[in-house]
Amino acid sequence: LTISGNGTIDGLSSGRKAIRVGTGGPEDNAKLIINGGTFKGQDACIHLDGGKVSAVINGGTFSSEEVDVKGAKKHFTLNKEDIYKETSEITVNGGTFLNGFNPMSHSNDTENDNYVADGYYTEFDGDKTYTVKQRPSGTAGYKVVWDQDGFNAICSDETKAATGILLGADIEFENNSAVDNTCNGFIKFDSWGKPVAIDLNGHKLTAKKEVDSSKKPYSYFIGAFGSDVTIRDSSNGKGQVGDDNGYVYRAVAAVSSESLKAKVTIEGGRFFGDMGAVFLQGKKSVGIISGGEFKTHSKDNEKYWTINIYNPDAQKIGDDGQVETPGAYYSVTGGRFYGFNPSNPNTDDCESYVAEGHTSTKSGDWYVVS
């Protein structure tokens, strides 16, 4: 059965499912394809009940009512009969799902299913709605994160399995439940054994401003501690880390140790911090910036320290232009910097953060590296 068009199938009004696929037999091989329409169900919207049945969803709007499962309220908008969970199949290539049902992370009392096809992911719009979209280029295999708990799970995973993270929603962090409170930051990649990338995907990482004035602002949003982290933004400029509330000192930090290098590579996005946008600490820390927008809210000694190195750890350049003392350094080949000239960062340890062959040009209140 193939369903197309803009009509509505409303099982909710009569206390039923919108569509049942199959008659309950183990050999039932019915197939449903939905290209569009609106579908409403009571305990489920699309329900598979057969040993070999399948549903392919390419578009449409889907909703169901809450179901109480062992005291927890859940939605089973797309669902399979328990005895056929392993043999029936749901494939989602498109569509919009209401009431907080996420077809990419559909959980009940026995499983956590991903019904979304390879090459697609779900976007959360902040109003209990998930929309299935094509993944940005280069993000195949990236874990999708919609909330702070998603980052918590990735950063606390002892296997350090993630190699890429794709944001599927704007995330506002709670100050009392940071990923790593002891280091006073939100997202900490600690001794990650392989490079990991974050695609902001047009979304924002922000923090609720702490109303308790006795609590100190957080040090960073994204921290690479003995790790190699790349940050990009496939939306071409809408992705953002930090905002204008000034509650987080720095958007990004790279911290190395005697035994572990730290590297942060920024290819795009907007980065805001109270005292700096990017910060390096440790002699084996490196910052590579090829794009993005960087802004600091506050000045120290009448200067912006938009991208900065903890002074004792900085690489020292001799009068002959050669490295005199190895240490932390930046290589800036692109990006825009508010009130801060990366070719003249006003530090005692470095004459320029801009890579050889590139220039920093003033444009209004901004410096543009090209």
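Criteria and thresholds
- Residues numbered from 1 in each chain as written.
- Predicted model: local features only at pLDDT ≥ 70, side-chain atom pairs only at ≥ 80, totals over all residues.
- Heavy atoms only, no water.
- Core = buried A, V, L, I, M, F, W, Y, C linked by side-chain atoms within 4.5 Å.
- Buried < 20%, exposed > 50% of the residue type's maximum accessible area, 1.4 Å probe, protein only.
- Contact = heavy atoms within 4.5 Å.
- Helix = DSSP H or I, 4+ residues; strand = E, 2+ residues; numbered from the N terminus.
- Pairing = 2+ DSSP bridges.
- Axes fitted to C-alpha atoms, helices over the stretch in contact; angles between N-to-C directions.
- pLDDT = per-residue confidence, 0-100.
- Phe/Tyr/Trp six-rings, centres within 6.5 Å; stacked < 30°, edge-to-face > 60°.
- Lys NZ or Arg CZ within 6 Å of the ring centre and 35° of its normal.

Engineer: Can you walk me through the nonpolar core in this structure?
Structural biologist: A general tendency of soluble globular proteins is for nonpolar side chains to be buried together. Residues Phe189, Leu205, Ile222 and Phe271 are the most contacted members of the largest nonpolar core, which totals 51 residues. If we ignore the near neighbours within four places in the chain, the residues touching Ile222 are Ile187, Phe189, Ile198, Leu205, Val229, Ile231, Val241, Ala251, Val252 and Ala253.

Engineer: Can you help me understand the environment of Lys263 in this one?
Structural biologist: Within the secondary structure layout, Lys263 lies in strand β28 (residues 262-266). Once residues within four sequence positions are removed from consideration, Lys263 is found in contact with Ala224, Ser227, Asp228, Val229, Val286 and Ile288.

Engineer: For this particular structure, what's the right way to read the sheet that holds β28?
Structural biologist: Within a sheet, each strand pairs with its neighbour through backbone hydrogen bonds, oriented either parallel or antiparallel. Reading across from one edge, β18-β19-β22-β25-β28-β31-β36 is the order of the seven strands in this open sheet, with parallel pairing throughout. Across the chains shown, the open sheet's two edge strands, defined by having one partner strand only, are β18 (143-145) and β36 (329-332). Going from strand to strand, the sheet's axes swing by 15 degrees on average, the running direction of each strand aside. Sheet analysis places strand β22 (residues 196-199) next to strand β25 (residues 228-232), joined by four bridges and oriented parallel.

Engineer: Teacher, can you tell me more about the sheet that holds strand β17 (residues 130-134) here?
Structural biologist: Pairing within the open sheet is mixed, and its six strands lie in the order β2-β5-β8-β13-β17-β16. Two strands close off the open sheet at either side, each with one partner strand: β2 (8-10) and β16 (120-124). When strand β8 (residues 61-64) meets strand β13 (residues 96-97), the two strands line up parallel, connected through two bridges. Its bridge partner lying in β13, Thr61 is registered against Thr96.

Engineer: How should the confidence of the model for the chain be read in this particular structure?
Structural biologist: Chain-level statistics for the chain give a pLDDT mean of 89 and a share of 92% at 70 or above. When the criterion is pLDDT under 50, residues 177-182 qualifies, and its contacts beyond four places in sequence or with other chains add up to 20 contacts.

Engineer: What is the right way to look at the packing of aromatic side chains in this model?
Structural biologist: The geometry of an aromatic ring pair comes down to the distance between the two centres and the angle between the two planes. By the definition in use, this model includes 17 aromatic pairs. Both rings, one in Phe97 and one in Phe101, keep their centres 6.0 Å apart while their planes meet at 45 degrees; by these two values the pair is tilted. One exposure class covers both Phe97 and Phe101, and it is buried. Between Phe124 and Tyr130 the ring centres are 4.8 Å apart and the planes differ by 35 degrees, which places this aromatic pair in the tilted class. You can call Phe124 partly exposed: its relative accessible area is 23%. Using a relative accessible area of 12% as the deciding quantity, one classes Tyr130 as buried. Sitting above the plane of the Phe279 ring, Arg250 keeps its charged end 4.0 Å from the centroid. Stacked on the ring of Tyr338, the Lys or Arg Lys295 has its end atom at 4.7 Å from the ring centre.

Engineer: When you look at the environment of Phe173 in this model, what are you seeing that I'm missing?
Structural biologist: Structurally, Phe173 can be placed in strand β20 (residues 171-173). Among the residues examined, Phe173 registers a relative accessible area of 0% and is labelled buried. Once you skip the residues sitting within four places of it in the chain, Phe173 turns out to touch Gln148, Phe151, Phe186, Ile187, Leu205, Thr206, Ala207, Lys208 and Phe221.

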